[in-house]
Amino acid sequence: MERILVIGANGQIGSELVEALSLQHGADNVIAADIGPRSLFGATCYETIDVLDAGRIATIVDTYGITQLYQLAALLSVTGEQAPLKAWTLNMNGLLNVLELARERGAAGKPLKIFWPSSIAAFGPHTPAVDTPQLAVMDPTTIYGISKQAGERLCEYYFTRFGVDVRSIRYPGIISHKSPPGGGTTDYAIAIFHAAKRGERYTCFLGPETTLPMIYMPDAIRATIQLMDAPGEQVRIRSAYNVAGLSFNPRELAEEIVRQLPGFRIQYQPDHRQAIADTWPHSLDDTYARADWGWKASIGLQELVRDMLEHVPAAPEKLHHAA
Ligand code: VAH
């Protein structure tokens, strides 16, 4: 029986992951944890954890007999640029705290499996942008991307050197309607639906032709759980897997919204976030994820838009609030 701790449970991925894991493993076996306000998202227990407090994480892991730990607390690309040192400290030390704990527990015969999210932001301007391969030049330009690249190296290091069973995905931009994202460059692809549902014209902070890899949340959650459930010997990549969902640009997204919600209008006013997006891939080659643990995306643009328009509330206060 697995006992699962999700740190960063109030965030965009965390809230939906807690819900999915509670259904899979039973609500009593999933502990939601965050620095922010108590929210259960279908789990039975909530604990306040600051991921920078290694002692507190160890206490909770021992108290509940945790066997799997998801460390999702982080600053994203845009908020990271506003506070680079804070982003680096949170993103790196948060990861190191859980890797060190897993190393210690493993040595004591109490294995602790770790999931940590990487991102397409770990790539940079010299990475081949189309069908970006798993193994490619990585020269990230944001502090967020730099922390993801360094984090990937740490994950592989802790696996190779200490046998820590750590697994990771380079998430594309994740689109969801339950919880808002917190300060990313791909957030336009969610904000656009909120404007559409309010009947407002959307001013997009990226230019119309800015193609980025994206994934719909149900696919992102499925990929995460599939990777964590895969037998260890099949997980050949211990840095982070490329996982493709779909790729589109703001113009293509807006056109599909108009097809389903005639009258929707968009205008473009690229800002500082454009420079970040311009360094990221357009599409990903996820051959390794497909071959190693059977990944295959299932949700395309038409279905994504239909589902978002159906579920995004017209009033923003109906959203869960991310930490
Ligand atoms: C961001 N969504 O925009 C995040 C991310 C795909 C990039 O990880 O910062």
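Conventions and cut-offs
Residues numbered from 1 in each chain as written. Predicted model: local features only at pLDDT ≥ 70, side-chain atom pairs only at ≥ 80, totals over all residues. Heavy atoms only, no water. Salt bridge = Lys/Arg side-chain N within 4 Å of Asp/Glu carboxyl O. Buried < 20%, exposed > 50% of the residue type's maximum accessible area, 1.4 Å probe, protein only. Helix = DSSP H or I, 4+ residues; strand = E, 2+ residues; numbered from the N terminus. Near = heavy atom within 4 Å. Polar contact = N/O pair within 3.5 Å; in protein donor to acceptor, adjacent residues only side chain to side chain. Areas by Shrake-Rupley, 256 points an atom, 1.4 Å probe, with all protein chains shown as cover. Domains from an automatic or database assignment. Contact = heavy atoms within 4.5 Å. Buried area = accessible area lost by both parts, 1.4 Å probe. Phe/Tyr/Trp six-rings, centres within 6.5 Å; stacked < 30°, edge-to-face > 60°. Pairing = 2+ DSSP bridges. Axes fitted to C-alpha atoms, helices over the stretch in contact; angles between N-to-C directions.

Notes on the pattern of salt bridges
- The tally for this structure, following the rule as stated, stands at 17 salt bridges.
- Of the charged contacts, one joins Arg105 and Glu104 as a salt bridge, the two residues approaching to 3.9 Å between their closest N and O atoms.
- Arg105 gets classed as buried once you look at its relative accessible area, which sits at 12%.
- Residue Arg251 pairs with Glu255 through a salt bridge whose shortest N-O separation is 3.3 Å. Within this pair, Arg251 and its partner Glu255 are both found in helix 8 (residues 250-260), separated by four residues, close to a single helical turn.
- Given the relative accessible area of 37%, Glu255 is considered partly exposed.
- Residues joined by salt bridges that share partners form a network here, namely Asp62, Glu104 and Arg105.

Some remarks on the site of the ligand
- Close contacts around the ligand come from Leu76, Ser77, Ser119, Ile120, Tyr144, Tyr171, Pro172, Gly173, Gly184, Thr185, Thr186 and Trp280, and that covers them all.
- A distance of 2.8 Å separates an oxygen atom of the ligand from a polar atom in the side chain of Ser119.
- Contact distances for the ligand include 2.9 Å between a nitrogen atom and a side-chain N or O atom of Thr186.
- When the ligand sits alone it has 280 Å² of accessible area, and the protein chains cover 94% of it.

Considering the domain arrangement of the chain
- When the domains of the chain are assigned, the result is domain 1 (4-172 + 217-242) and domain 2 (174-214 + 245-311).
- For domain 1 and domain 2, the distance between their C-alpha centres works out to 23 Å.
- On the side of domain 2, 36 residues touch domain 1, which itself brings 42 residues to the contact.
- Here domain 1 packs against domain 2, burying approximately 3400 Å² in sum over the two surfaces, 59% of which is carbon and sulfur.
- It is Gln12, Ile120 and Pro172 that lose the most area in domain 1 upon contact with domain 2, and together they represent 19% of the buried surface on that side.
- One salt bridge in this structure joins Arg236 and Asp292, with 2.6 Å as the shortest N-O distance.
- Across the contact surface, domain 1 and domain 2 share 23 residue pairs in polar contact (both at pLDDT 80 or more).
- Mapped onto the side of domain 1 that touches domain 2, the elements with two or more residues apiece are helix 1 (12-25), helix 3 (77-82), strand 6 (166-171), helix 7 (217-229) and strand 10 (241-242).
- Looking at which element gives the most residues to the side of domain 1 that touches domain 2, the answer is helix 7, with eight residues.

Overview of the environment of Asp219
- Inspection of the secondary structure assignment puts Asp219 in helix 7.
- Expressed as a C-alpha distance, the spacing of Asp219 and Ile299, which sit 80 residues apart in the sequence, is 6.9 Å.
- Setting aside residues up to four positions removed in sequence, Asp219 forms contacts with Trp295, Ala297, Ser298 and Ile299.
- Only 2.9 Å separates the side chain of Asp219 from the backbone nitrogen of Ser298, close enough to count as a polar contact.

Thoughts on the packing of aromatic side chains
- Tallying each qualifying case throughout the model produces eight aromatic pairs.
- Geometrically, the ring pair formed by Tyr188 and Phe205 is edge-to-face, given 6.4 Å between the ring centres and 90 degrees between the ring planes. A residue pair is termed long-range when its members are at least 10 positions apart, and Tyr188 in helix 6 (residues 188-198) and Phe205 in the loop between strand 8 (202-204) and strand 9 (212-216) qualify at 17 residues. Accessibility assignment for this pair places Tyr188 and Phe205 in one class, buried.
- Between Trp293 and Trp295, the ring centres sit 6.4 Å apart and the planes meet at 45 degrees, which makes this aromatic pair tilted.

A closer look at the sheet that holds strand 9
- Pairing is mixed in the open sheet, where three strands are placed in the order 7-9-11. Pairing within the sheet leaves two strands with one partner each, and these edge strands are strand 7 (173-175) and strand 11 (246-248). Across the sheet, the axes of successive neighbouring strands diverge by a mean angle of 45 degrees, strand direction being ignored.
- Where strand 9 meets strand 11, three bridges bridge the pair, whose relative direction is antiparallel. Counted as the bridge partner of Met214 is Leu246 from strand 11.

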